[in-house]
Amino acid sequence: MKHAILFVLSFTLAACGANIDVQKPIPRELITDSEKGGYTTINIRAGKTEASSGFIGLLSNNLRQYLSELSLYPKKDASLKVYIKIIGYNIKGGTSREVMGTLAGADEVKSRVQVININTGQVVGESTVFTSSSMAYGQKAMAWVHADDIATFLSTPN
């Protein structure tokens, strides 16, 4: 029994993956300082991908929820906004996922995340976030997992 639980846990952890490539870390005080920290707006675009408006809406709602739980959004007096451009999108359709399951391959989403100072227009933080999962079925699940990965970058002081 112990081996079966270990196998299932190992399989599940291997099925999900996130890669957060930070090009420009967000300054610590912009996340942790209660007066300066946080974000006023979040803007998400599909870029040149096939990401649907439904996926973008789910991603936006999930990200807003994660950041609000961390008291980082919405912050009316903050001088930061988040701009996200989806640059890679490959989510299997329902039929292929239902028939093939995990054998259909991993669903993947890749986004360029920028934190911009509203007053100066300067990019104060930048990252490429890549999320891959063969266990998160469909747009709804991938939007949840990818939002969590983006929130990790936006909430982790460097």
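Residues numbered from 1 in each chain as written. Predicted model: local features only at pLDDT ≥ 70, side-chain atom pairs only at ≥ 80, totals over all residues. Heavy atoms only, no water.

Draft legend 1. Spatial organisation of the pattern of salt bridges. Counted by the stated rule, this structure contains 1 salt bridge. Between Glu126 and Arg112 there is a salt bridge, and its shortest N-O distance comes to 3.7 Å. Taken together, the residues Glu126 in strand 5 (residues 123-133) and Arg112 in strand 4 (residues 107-117) connect sequence positions 14 residues apart. Assessed through its relative accessible area of 19%, Glu126 is described here as buried. The class for Arg112 is partly exposed, based on a relative accessible area of 29%. (Salt bridge = Lys/Arg side-chain N within 4 Å of Asp/Glu carboxyl O. Helix = DSSP H or I, 4+ residues; strand = E, 2+ residues; numbered from the N terminus. Buried < 20%, exposed > 50% of the residue type's maximum accessible area, 1.4 Å probe, protein only.)

Draft legend 2. Looking closely at the nonpolar core. Counting residues in hydrophobic clusters, the biggest one holds 34 residues, and the most contacted among them are Tyr39, Phe55, Leu63, Leu67, Ile86 and Leu154. Taken together, the elements giving at least two residues each to this core come down to helix 2 (28-32), strand 2 (41-45), helix 3 (53-69), strand 3 (80-90), strand 4, strand 5 and helix 5 (138-155). Looking at this core, the element that brings in the most residues is helix 5, giving 7 residues. The residues contacting Leu67, other than those within four sequence positions of it, are Tyr39, Ile42, Leu72, Tyr73, Ala151 and Leu154. (Core = buried A, V, L, I, M, F, W, Y, C linked by side-chain atoms within 4.5 Å. Contact = heavy atoms within 4.5 Å.)

Draft legend 3. The packing of aromatic side chains, seen in detail. Applying the stated rule across the entire model yields 1 aromatic pair. Ring geometry for Phe55 versus Tyr89: centroids 5.1 Å apart, planes at 65°, classification edge-to-face. Taken together, the residues Phe55 in helix 3 and Tyr89 in strand 3 connect sequence positions 34 residues apart. (Phe/Tyr/Trp six-rings, centres within 6.5 Å; stacked < 30°, edge-to-face > 60°.)

Draft legend 4. Region of the structure containing helix 3. Here helix 3 contains 17 residues, and its C-alpha end-to-end distance of 24 Å stays within 8% of the 24 Å for a straight helix at 1.5 Å per residue. The inward-facing, buried residues of helix 3 abut strand 2, strand 3, strand 4 and helix 5. Of the residues flanking the end of helix 3, it is Ser71, one or two places downstream, whose phi is positive at about 60°. (Expected span 1.5 Å × (residues − 1).)

Draft legend 5. Inspection of the pairing of strand 3 at higher detail. By the bridge criterion, 5 bridges tie strand 2 to strand 3 in an arrangement that is parallel. What sits directly across from Ile44, in strand 3, is Ile84. In this fold, the crossover linking strand 2 to strand 3 by way of helix 3 has left-handed handedness. Pairing analysis gives 10 bridges linking strand 3 to strand 4, with the strands arranged antiparallel. When the sheet's bridge partners are listed, Gly88 is paired in strand 4 with Lys110. (Pairing = 2+ DSSP bridges. Right-handed = clockwise from strand over helix to strand, strands pointing away.)

Draft legend 6. Focus on the packing of helix 3 against helix 5. For the pair helix 3 and helix 5, interaxial distance at closest approach is 8 Å and the crossing angle is 40°. Classified by the angle between their axes, helix 3 and helix 5 sit oblique to one another. Considering how the two elements wind past one another, helix 3 and helix 5 form a crossing that is right-handed. Side by side, helix 3 and helix 5 meet where Gly54, Phe55, Leu58, Leu59, Asn62, Leu63, Tyr66 and Leu67 of the first sit next to Gln139, Lys140, Met142, Ala143, Trp144, His146, Ala147, Asp148, Ile150, Ala151 and Leu154 of the second. For the contact of helix 3 with helix 5, the per-class residue count stands at 13 nonpolar, 4 polar and 2 charged. (Axes fitted to C-alpha atoms, helices over the stretch in contact; angles between N-to-C directions. Parallel < 35°, antiparallel > 145°, perpendicular 65-115°, else oblique. Left-handed = near helix turned anticlockwise from the far one by under 90°. Nonpolar A, V, L, I, M, F, W, Y, C, P; charged D, E, K, R; others polar.)

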